[in-house]
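Close look at the chain arrangement
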Amino acid sequence: MNDLFSQQQTNYQPLAARMRPRNLDDYIGQEHLLAPGKPLREAIVRGHLHSMILWGPPGVGKTSLAKLFAEQAHARFESLSAVLSGVKEIRAAVAIAQQERAGAGRKTILFVDEVHRFNKSQQDAFLPYVEDGTFIFIGATTENPSFELNNALLSRCRVYVLRGLQPEQLQKVLQQALDDQERGLGKSDIRIDADSLATLSQAADGDARKALNLLEIAADLADESDDHKVINEQVLAEVLASDVRRFDKGGDIFYEQISALHKSVRGSSPDGALYWLARMLDGGCDPLYIARRVVRMASEDIGNADPRALPLCLAAWDVQERLGSPEGELAIAQALVYLAAAPKSNAVYNAFNQIRADVRSQPAYDVPIHLRNAPTRLMKSMDYGAEYRYAHDEPGAYAAGEKYLPEEIVDAVYYQPVERGLELKIQEKLAHFRELDKQSKKQRYKK
């Protein structure tokens, strides 16, 4: 019994693996790369091999595309996973490619899945063999190659961007599996209506592998009726009960959605901000992380145009910490809508960044004597604090003509309020102070 069980387990292949496309006609999606006349399709059809990086989310056909390339070019296909492989496996793959080249004269495609998981030295190990033609290198990654791959490796490869599949494309993938008598579920006579098929396609979130996995689970749970099985609403509800949308914490999709959320706020779109908030929460993002980023938005993009924004966002963060979900998420949503509708100013953000850059690049100027504290007799004898003008004793509590920057940069102006919200009033007030400075007879640093 154990031997039989082991044999059954060994022979089993998931539906997603069985349904890999066998030719370009079976391949669904990526029309921007594979439509008739497109350069990549022409290269595959003609067997014109070149090294490449396939960049895209999970389940869009990166591995399948590499295999089709190898089959069309009659090349040997060697595969490595950067998650499971190291230098030893790389050397073994190189040795096989060298034997193929020297013996049968056949080219080898070395496919490296999750190539971004390799460190710099491991990525560098491929370079001489790509350079001398030992193998054609095809790397697959879900991360931005610009950040995750060495420039030396990138310069030797073309980067192709693969997109998540649309629901109608995923429905075609599922229908292929339902109809296929040899590899799919055709022999099982699975019945599923159009609405249920659309529901599965939506739940897969652009991932063909996930779509097929969901279909396979649904087929196993399907209700038997006469000589066929039926995937109904109850079955779908059970299959999708714990479904989580695609949201790769720490990966590209994570940062893309945060970027979309921030830019929706900056662009004064409450609907966009709420949509991306919901998408991130739906994907499992920690609400406290979002709350922290919302506080950042209040300072960076609203600033003093509406100073009420910052305490409101801190309050939303506090609600999330105190009450958790869903009350906290609603408070974050309230804060985001307020930020999106508020007047915008990045004046403080720009001023602070410019000052930090100047501080790093300029000499460390001394604190002007009149601004120094003088708690001891020695310091007083050295004129520390001499001629300092106490603003509260001046007319309007403003010491016209006084200066607070080092003499070397005394005329620098960093903070430029915008003509929106409260900063319009701040701008008018600062302009008034500057006019008083010009008229004052008590000018500091007279030349």
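Placed above this text is the structure.
Because the structure is a prediction, the values reported are computed rather than measured.

Some thoughts on the environment of Val 239
- On the secondary structure map, Val 239 appears in helix H14 (residues 233–239).
- Along the primary structure Val 239 and Val 319 are separated by 80 residues, whereas in three dimensions their C-alpha atoms are 34 Å apart.
- When sequence neighbours within four positions are dropped, the list of residues in contact with Val 239 reads Leu 214, Ile 217, Ala 218 and Leu 221.

As for the sheet that holds strand E7 (residues 223–225)
- Judged by pairing direction, the sheet is mixed, and its 3 strands sit side by side in the order E6-E8-E7 without closing on themselves. Each of the sheet's edge strands pairs with one partner strand only, and the pair in question is strand E6 (190–192) and E7. Averaged over all neighbouring strand pairs, the angle between strand axes comes to 35°, with direction disregarded.
- Two strands pair when backbone bridges link them, and E7 and strand E8 (residues 228–231) are joined in this way by 3 bridges, in the antiparallel orientation. Along E8, the bridge assignment pairs Asp 223 with Val 230.

A look at a nonpolar patch on the surface
- On the surface, Tyr 388, Tyr 390 and Tyr 404 cluster together to form a nonpolar patch covering roughly 350 Å² of accessible area.
- As for its position among the elements, Tyr 390 is in the loop between helix H21 (377–381) and helix H22 (421–439).
- A residue is classified by how much of its surface remains accessible, and Tyr 390, at 46% relative accessible area, is partly exposed.

Section: the state of the cysteines
- Overall, the coordinates contain 0 disulfides when judged by the stated rule.
- For Cys 313, which is in no disulfide, the shortest distance to another cysteine sulfur is to Cys 285 and amounts to 16 Å.

As for the pairing of strand E1 (residues 52–55)
- Relative to strand E4 (residues 136–141), E1 runs parallel, the two being bridged by 4 bridges. Residue pairing in the sheet places Ile 53 in a bridge with Gly 139 of E4.
- Pairing of E1 with strand E5 (residues 158–161) involves 4 bridges; the strand directions are parallel. Bridge assignment links Ile 53 to a residue of E5, and that residue is Val 159.

Structural notes on the packing of helix H16 (residues 270–282) against helix H19 (residues 327–341)
- Contact geometry of H16 with H19 gives a least axis separation of 8 Å together with a crossing angle of 150°. The angle between the axes of H16 and H19 places the two elements in the roughly antiparallel class. In this structure, H16 meets H19 at a crossing whose hand is right-handed. Side by side, H16 and H19 meet where Pro 270, Ala 273, Leu 274, Leu 277 and Leu 281 of the first sit next to Glu 329, Ile 332, Ala 333, Leu 336, Val 337 and Ala 340 of the second.
- Across the contact of H16 with H19, the residue classes break down as 10 nonpolar, no polar and 1 charged.

Notes on unusual backbone geometry
- Omega for the bond connecting Ser 325 with Pro 326 falls within 30 degrees of zero, at 5°, which places this linkage in the cis form.
- Within the fold, Pro 326 resides in the loop between helix H18 (309–323) and H19.
- Of note in this structure, Ser 268 is not a glycine but carries a positive phi near 60°.
- Topologically, Ser 268 is positioned in the loop between helix H15 (252–266) and H16.
- Overall, Ser 268 belongs to the partly exposed group, its relative accessible area being 39%.

How each quantity is defined
Residues numbered from 1 in each chain as written. Predicted model: local features only at pLDDT ≥ 70, side-chain atom pairs only at ≥ 80, totals over all residues. Heavy atoms only, no water. Helix = DSSP H or I, 4+ residues; strand = E, 2+ residues; numbered from the N terminus. Contact = heavy atoms within 4.5 Å. Pairing = 2+ DSSP bridges. Axes fitted to C-alpha atoms, helices over the stretch in contact; angles between N-to-C directions. Patch = residues over 30% accessible without salt bridge, like charges linked within 9 Å, V, L, I, M, F, W, Y side chains within 5 Å. Areas by Shrake-Rupley, 256 points an atom, 1.4 Å probe, with all protein chains shown as cover. Salt bridge = Lys/Arg side-chain N within 4 Å of Asp/Glu carboxyl O. Buried < 20%, exposed > 50% of the residue type's maximum accessible area, 1.4 Å probe, protein only. Disulfide = S-S within 2.5 Å. Parallel < 35°, antiparallel > 145°, perpendicular 65-115°, else oblique. Left-handed = near helix turned anticlockwise from the far one by under 90°. Nonpolar A, V, L, I, M, F, W, Y, C, P; charged D, E, K, R; others polar.

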